[in-house]
Amino acid sequence: MLKTFKIGGIHPDENKLSAASPIQVLPVPAEVKIPLAQHIGAPAQPCVEVGAKVKVGTLIAKAGGFVSANVHSSVSGTVKKIEEFVDANGMKKMAIVITVEGDEWEESIDRSTDIVRDIKLEPKEIIAKVSEMGLVGMGGATFPTHVKLAVPDGQKCEALVINGVECEPYLTSDHRAMLERPEEILMGVKILMKALQIDKAYIGIENNKPDAIAKLTELAKNYPGVTVQPLKLKYPQGGEKQLIDACMDRQVPSGKLPINVGAVVQNVGTALAVYEAVQKNKPLIERIVCVTGKPLAKPSNFLVRIGTPVSACIEAAGGMPEDCGKVIGGGPMMGRAMMHTDVPVIKGTSGILLMNKKESKRPEIANCIRCAKCVNVCPMGLEPYLLSKLSAKEMWDEAQEHNIMDCIECGSCNFTCPSNRPLLDYVRLGKGKVGAILRAKAAAAKAAAEKK
Amino acid sequence: MDLNSVLITIAVLAVLGCALAVILYFVSQKFKVYEDPKIAEVEAELPGANCGGCGFPGCHGLAEALAKADDLSNIGCPVGGAPVMAKIAAILGKEAGSAEPKVAVARCSASCNTRIKIAEYDGAQSCAIAATHFSAETGCAFSCLGHGDCVKACKFDAIQIDPDKGVIVDEEKCVACGACAKACPKNVIELRPKGRLVQGKNRRVWVNCVNKDKGPVAMKACKTACIGCGKCAKVCKFAAITVENNVAYIDPAKCKACGLCLNECPTHAIQATFPAPPKPKPAPVPADATSEKPSQAAKAE
Amino acid sequence: MDKLTIAPSPHVHGHDSVKRNMYGVLIALAPALAASLWFFGLGALTVILTSVISCVLFEFLIQKFLLKVKPTITDGSAAVTGLILAFNLPSNLPIWIIVIGALFAIGVCKMTFGGLGQNIVNPAIAGRVFLLVSFPAQMTSWPTPGAVDGMTGATPLGLLKEGLHTGKSISEIANLPTSTDMLMGNIGGSLGEVSAIALLIGLVIMLAMRIITWHIPVAVLGTMAAFAAIAWGIDPATNADPLFHLLTGGAMLGAIFMATDYVTSPMTKNGMLIYGFGIGLLTMLIRCYGAYPEGMSFAILIMNIVTPLINKYTQPKRFGVK
């Protein structure tokens, strides 16, 4: 029987244009720009000088704290400069720019395609390895993987949930990875299970990918404890909390983490990277990027080195079309629109989506007609119409009382609103403000406690 | 109608009224909260708009704070201004603060039509929202976003956004409550002293830019950006101008509004409420400069 | 390539719109419209046209000249108000009364509060109740379907109330229509309320188009049926059976089209059930114990006013809360 999450949800047009296009290796560009902050948490600290020679896989920046990740060179060549660049949001970020010379890899990396089945490392060593190789969540959230694997004292992990849902319309990178590299993904799952010291894992896949479900179900027979769980098509099934609800019938309480209900969630892309890091000693230097969109000539899936310009990916998929109004990093529901395409592909770039001019503009806003459709579709059981109104009126206390912090920013409310109201825009603003107020209060309480 | 029923009604109502009055009297005695009678007196003097411009919750809040405060120089009613504060000081028997009258100044020349856009924002019309997602629509990450959070924040209808001229503050209506400055996520708006009154006009000078980028970057993003060249600082006789982080700032406390810096600025990033003085040396003034300056000064009004 | 558009996510929209919902309601009202034309002929057409045109016109004039905003009459909300108002009027109502009703509905009940989405009570019902208390004589002389011009009669509920008032038992009251007549609409009454079957088709259309959910209609009709069943079970001589109550007096029109008005109904599922229960209960109390034979309009108006309170005290089931 198909499972799904219990509250709300929407059904956007799937538009999986690149689903049938195999993963192609994108040529290494002449120059890469590798940002130091590609993950949630503190930016990495550069550990190479300008002019230094680097190989593919050389560590070029060290994690700047526990919640941070190492950054490795994705090419071989010379460090040209370490400087600020303007990112896709127009903000200034630090990056290491490397001029490419040849394609020489670090010797420690096993570049063969053989599947290495024997897991030599112990759980602690696996987590250390994952941290060393700079792994982050590949679904787009880019939360450092080793942090998620370190189960806090007093908590117990019971099951690993692997996210193969890919509920975002258009995107197909996880789908292609599951079709083309299923053994490696399953080995990655096995490694993750060992790291967490558990014997149960679910791989959740929506039933719009029957080929991936069939393939993984077949292969999973050789992996005891791994269950492939087909899921009913519904957005936002890929949300961490929704996926746990769908696979394990457990709901993470408000303000808590998945580990509170005994679950750790990882993306299939992350599982693949974990396999490569642990068994092949390969740092996170490339990823599968889905370059897609209606105006694009050849929607494709590419294996791209981190730091490759987005414009190069678009070029490889048929070039920037005349009728392009918007370029989005990620999917259409939660991705971020880019101000320009001269930005690098980073660890979290799951897709590059081009929209035509007509699709790019939001429809005209009308009065709220109180139809309650936003309330019905909210997967967290919130009242988006009310939260957005409270945010607009800056009534932060009331917004907090109405659980604004539970919003997962999935965008279902905006999607469904007949009046095209920018509900999520305001809820997100409110979430930011309420979060800041809560943090300030917590800091004040902590300071007061320390004073005593 | 029966006379009896009329009488009964009157009697019942009278008894009820008396009983409730007694209860009310005792309740009000029991729960009486002592309040300084001066607070009521002060509140009577305040405008009663409850605008919150003073930073307190309404006029009553300000009245309480004033009655408590030892020194009136830092708090006061921005709407009533000096005359009201003088009366209040008399009531409270304290010294009135001698705060200079201020006005909100938007330190950015960008307007909807003149800004050099590199992208088109299509989200909710709110600066706060736009600023959390993107730097700006232009190459300048410091500029006014133009979605009008300041206009919405102003309770006195003193700020307008003109598609051609950008943010315009109505000096007559502005009470310098600071709500717009607080609302601006880019910190473009500053409260500056109105300046010396000369011939019915307040004279003040300010740098109309907050761009901290290096000169060439700033110039590429905006034609009237401050490029941090420091020419103005050199010409200033009162050391009122400092250049920090590639942007000049005129300290209103030191500035005498002589206008010498106006002629120096290569990008016309310095603005004033009065025309630039003629250049001291007899060098011929470029025709376009003279014609442009007064119009820019007029804009600021 | 021109400048790229930037906006916060999401970047796609579900293509739902106010227009789609409003025109959907109009389509759902079409069967009842056809039934009213069939039973009441030209009179019905005149009432409907007058009501719809004046509602749309008043909205246009008020937006254009009083509020000085861009008129939004094409969104269809004024037309829906006009049509529902017409459905609540007898087919022989003078045109000038209809125009006054439309002015009250749009001008007073909708635009004064800020237009679409801001009104507290359903404008069409408020307009109807306004006319009912202002022109009681004209508003309660119902033409009999298919009858010669000028023939008027009472509604089934009116007959019932009058009969019971004179001390008769239900079986003694003459002229009560059969269930089939009530289902099809061959009875006296307002234009749109007579044909239960046409209104039920409308309900199916609205549910299929996902314009409304089942909660409000089911709660209203369920409560009415339960109330009527209990009363009927206690004393069938003085209380009509549940089916009679459901098929008469605008119960269907009210439960399906008027109580489900987005703007004036609660936002949460639980709230909708409470609201529907309240309407059902109030309707039956007015019908059985009140002065008016029918109570639907009053019940909806009262519950409209209670809606903000219901919204305040009901919340959807939050994720992660057991």
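A quick note: this is a predicted structure, and the numbers were derived from the prediction, not measured. Sequence order as written defines residue numbering, which begins from 1 separately in each chain. Each chain gets a letter, beginning with A, and each ligand a number, beginning with 1, in the order they are written. Whole-chain, interface and lining totals are the exception, using all residues; otherwise, since this is a predicted model, local features are given only for residues with pLDDT of at least 70 and side-chain atom pairs are given and counted only at 80 or more.

1. Here's the deal with the domain arrangement of chain C
Residue and element names in this part refer to chain C.
Reasoning step 1: Segmenting chain C into domains produces domain 1 (18-138) and domain 2 (214-314).
Reasoning step 2: The gap between the C-alpha centroids of domain 1 and domain 2 is 22 Å.
Reasoning step 3: Tallying the contact residues gives 14 residues for domain 1 and 13 residues for domain 2.
Reasoning step 4: Among the elements of the structure, α3 (77-87) and α5 (123-134) are those that each provide at least two residues to the side of domain 1 that touches domain 2.
Reasoning step 5: The dominant element in the side of domain 1 that touches domain 2, judged by the number of residues it contributes, is α5, at five residues.
Reasoning step 6: Tallied by class, the residues present in the side of domain 1 that touches domain 2 amount to nine nonpolar, four polar and one charged. Note that the domain bounds were set by an automatic or database domain assignment. The contact rule is simple: place each C-beta atom from the backbone, and if two of them lie within 7 Å, those residues are in contact. Where helices and strands are cited, they refer to DSSP runs of H or I of at least four residues and of E of at least two residues respectively, numbered from the N terminus. Polarity classes work like this: nonpolar for Ala, Val, Leu, Ile, Met, Phe, Trp, Tyr, Cys and Pro, charged for Asp, Glu, Lys and Arg, and polar for all others, with Gly in that last group.

2. Overview of the sheet that holds strand β13 (residues 286-292) of chain A
Reasoning step 1: Spatial strand order, β1-β14-β13-β17-β15-β16 (chain A): six strands in an open sheet with mixed pairing. Strand pairing shows two members of the sheet lacking a second neighbour, β1 (23-25) and β16 (336-337) of chain A, which therefore form its edges. Two strands are counted as paired when DSSP detects at least two bridges linking them.

3. A short note on the domain arrangement of chain B
Residues and elements named next belong to chain B.
Reasoning step 1: As assigned here, chain B comprises domain 1 (1-32), domain 2 (37-92) and domain 3 (102-300).
Reasoning step 2: Computed from C-alpha atoms alone, the centre-to-centre distance between domain 2 and domain 3 is 32 Å.
Reasoning step 3: Taken together, the contact pairs four residues of domain 2 with five residues of domain 3.
Reasoning step 4: Of the residues belonging to the side of domain 2 that touches domain 3, the class tally is three nonpolar, one polar and no charged.

4. Here's the deal with the interface of chain A and chain C
Reasoning step 1: In this complex, chain A contributes 55 residues to the contact, which on the side of chain C involves 31 residues.
Reasoning step 2: Classifying every residue of the side of chain A that touches chain C gives 30 nonpolar, 14 polar and eleven charged.

5. Considering unusual backbone geometry
Reasoning step 1: Omega for the peptide link from Y235 of chain A to P236 of chain A comes to -5°, which places this bond in the cis form.
Reasoning step 2: Tracing the backbone through its elements, the reader meets P236 of chain A in the loop between β11 (226-231) and α6 (240-248).
Reasoning step 3: The amide bond that connects S9 of chain C to the next residue, P10 of chain C, takes the cis arrangement and shows omega of 0°.
Reasoning step 4: Summarising the element assignment, P10 of chain C is placed in the loop between β1 (4-6) and α1 (18-40).
Reasoning step 5: Unusually for a residue other than glycine, E166 of chain A sits at a positive phi of about 45°.
Reasoning step 6: With respect to the helices and strands, the residue E166 of chain A is situated in the loop between β9 (159-163) and α3 (173-180).
Reasoning step 7: Looking at E166 of chain A, the number of C-beta atoms within 10 Å reads 32, which means it is buried. Backbone-placed C-beta atoms define the burial measure: a residue is buried with 20 or more other C-beta atoms within 10 Å of its own, exposed with 12 or fewer, and partly exposed in between.

6. A closer look at the nonpolar core
Reasoning step 1: L160, V161, V189, V274 and C313 of chain A together with C55 of chain C are the most contacted members of the largest nonpolar core, which has 297 residues in total.
Reasoning step 2: Sort the elements by how many residues they give to this core and α1 of chain C lands first, with ten residues.
Reasoning step 3: Contact partners of C313 of chain A, with chain neighbours within four places excluded, come to L26, V289, V291, F302, V304, T308, V345 and I352 of chain A.
Reasoning step 4: A set of buried residues qualifies as a nonpolar core if it consists of Ala, Val, Leu, Ile, Met, Phe, Trp, Tyr and Cys joined through C-beta atoms within 7 Å. Ranked by size, the runner-up nonpolar core spans twelve residues in total, among them L46, C59, A63 and A67 of chain B.

7. Considering the packing of α3 of chain A against helix α7 (residues 268-280) of chain A
All names here are of chain A.
Reasoning step 1: To get an axis, fit a line to the C-alpha atoms, keeping to the stretch in contact for a helix; angles then go from 0 to 180 degrees between the N-to-C directions. Following both chains from N to C, one finds α3 and α7 inclined at 50°, their axes separated by 9 Å at the closest point. Judged by the angle between their axes, α3 and α7 are oblique. Contacts between α3 and α7 pair S173, D174, A177 and M178 from the former with V268, G269 and L272 from the latter.
Reasoning step 2: Classifying every residue of the contact of α3 with α7 by side-chain character gives four nonpolar, two polar and one charged. An angle counts as roughly parallel when it lies under 35 degrees, as roughly antiparallel when it exceeds 145, as roughly perpendicular when it falls between 65 and 115, and as oblique in every other case.

8. Concerning the pairing of strand β10 (residues 201-206) of chain A
Residues and elements named next belong to chain A.
Reasoning step 1: Of all six residues that make up β10, six are buried, and the element is covered over most of its length.
Reasoning step 2: For β10 and β11, the ladder comprises six bridges, and the chain directions are parallel. Across the sheet, the residue bridging to G204 is Q229, located in β11.

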